[in-house]
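A look at the structure
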Amino acid sequence: MKDTKKNVMTYEGVKALENELEDLKVNRRKEVAQKIKEAREQGDLSENAEYDAAKEEQREIEARIEEIEKILKNVEVVDSEDASGDKVTVGCTVKIYDLEFDEELTYKIVGSTEADILDGKISNESPVGRALINSRVGDEIVAETNAGELKFKVLEIIK
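Below, the discussion takes up the overall build of the protein chain. The helix and strand tally for the protein chain stands at three helices and seven strands. Start at the N end of the protein chain and walk to the C end: the helices and strands fall as β-α-α-β-β-β-β-α-β-β. Dimensions of the protein chain, computed from the C-alpha atoms along their principal axes, are close to 70 × 30 × 30 Å. Scored against the burial criterion, the 159 residues of the protein chain give a buried share of 32%. Pairs at least 24 apart in sequence give 52% of the contacts found in the protein chain among residues at least 6 apart. Accessible surface, the protein chain as shown: approximately 10,000 Å² in total, 47% of it carbon and sulfur.

Now for helix α2 (residues 49-73). Compared with the 36 Å implied by 1.5 Å per residue over 25 residues, the 36 Å span of α2 between its first and last C-alpha is a close match. Those residues of α2 that are buried lie in contact with β1 (7-10), α1 (11-40) and β2 (75-78). Capping of α2 at its N-terminal end is provided by Asn48; its side-chain oxygen lies 3.1 Å from the backbone amide nitrogen of Glu50.

On to the sheet that holds strand β3 (residues 93-98), then. Reading across the sheet, the five strands line up as β5-β4-β3-β7-β6 and stay open at both edges, with mixed pairing between neighbours. Strand pairing shows two members of the sheet lacking a second neighbour, β5 (121-123) and β6 (140-145), which therefore form its edges. The sheet shows a mean angle of 45° between the axes of neighbouring strands, direction not considered. Taken together, the six bridges between β3 and strand β7 (residues 148-158) define a ladder with antiparallel strand orientation. In the sheet register, Ile96 faces β7, and the bridge partner there is Val154.

A separate point is the environment of Asn27. Its place among the elements puts Asn27 in helix α1. What makes Asn27 partly exposed here is its relative accessible area of 37%. Side chain to side chain, Asn27 and Asp23 meet in a polar contact 2.7 Å long.

So, about the pattern of salt bridges. The final tally for this structure, using the stated rule, is 14 salt bridges. Put simply, Lys108 and Glu12 hold a salt bridge, and the shortest N to O gap is 3.5 Å. Taken together, the residues Lys108 in strand β4 (residues 103-110) and Glu12 in helix α1 connect sequence positions 96 residues apart. Overall, the relative accessible area of 21% leaves Lys108 in the partly exposed class. The salt bridge involving Glu67 is made with Arg64; its shortest N-O contact spans 3.0 Å. A residue pair is termed a helical-turn pair when its members lie 3 or 4 positions apart in one helix, as Glu67 and Arg64 do in helix α2 at three residues. In this structure, a network of salt bridges that share partners links the residues Arg28, Glu31, Lys35 and Glu57.

What follows concerns the pairing of β3. Side chains of β3 alternate between two faces, with Val94, Ile96 and Asp98 buried and Thr93, Lys95 and Tyr97 left unburied. Bridging between β3 and β4 involves six bridges; their strand directions are antiparallel. Within β4, the residue paired with Ile96 across the bridge is Leu105. Connecting β3 to the antiparallel partner β4 that follows it, the hairpin turn spans four residues, and Asp102 within it adopts a positive phi of roughly 55°.

What counts, and where the lines are drawn
- Residues numbered from 1 in each chain as written.
- Predicted model: local features only at pLDDT ≥ 70, side-chain atom pairs only at ≥ 80, totals over all residues.
- Heavy atoms only, no water.
- Helix = DSSP H or I, 4+ residues; strand = E, 2+ residues; numbered from the N terminus.
- Buried < 20%, exposed > 50% of the residue type's maximum accessible area, 1.4 Å probe, protein only.
- Contact = heavy atoms within 4.5 Å.
- Areas by Shrake-Rupley, 256 points an atom, 1.4 Å probe, with all protein chains shown as cover.
- Expected span 1.5 Å × (residues − 1).
- Polar contact = N/O pair within 3.5 Å; in protein donor to acceptor, adjacent residues only side chain to side chain.
- Pairing = 2+ DSSP bridges.
- Axes fitted to C-alpha atoms, helices over the stretch in contact; angles between N-to-C directions.
- Salt bridge = Lys/Arg side-chain N within 4 Å of Asp/Glu carboxyl O.

So, in structure tokens, the structure goes:
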């Protein structure tokens, strides 16, 4: 039972996964089943690239369904509405100042499952996310990363 680690997620992240799961089960399964049926109708399956591709797509869909179900089974939803707003928690957005590169950055702190740096979402388990958790406006924090120490000042916490 070592897989009992809770997946910390925001409500929005859980909803997005539930929607993806629904789409995979309802729409994508039917689409790939139709592709397999059409490929079978072409005859010899031993040299049928469309059939092989459809079967591979089916395996990927089923693997993703299994992965999402496993995540949702062990999810712990954090409600940003419960946050006081005076310290950084999972689910809140934080505006920080990078002391080395002289720039402001804004990140939403999310669970590792939801993290997407390109969308401004960093994991509470990442070096920067870990350093930010429980900090307050005005705090200077240091994040130990593979690239060395990064220093930030917390400018604003948005619930």
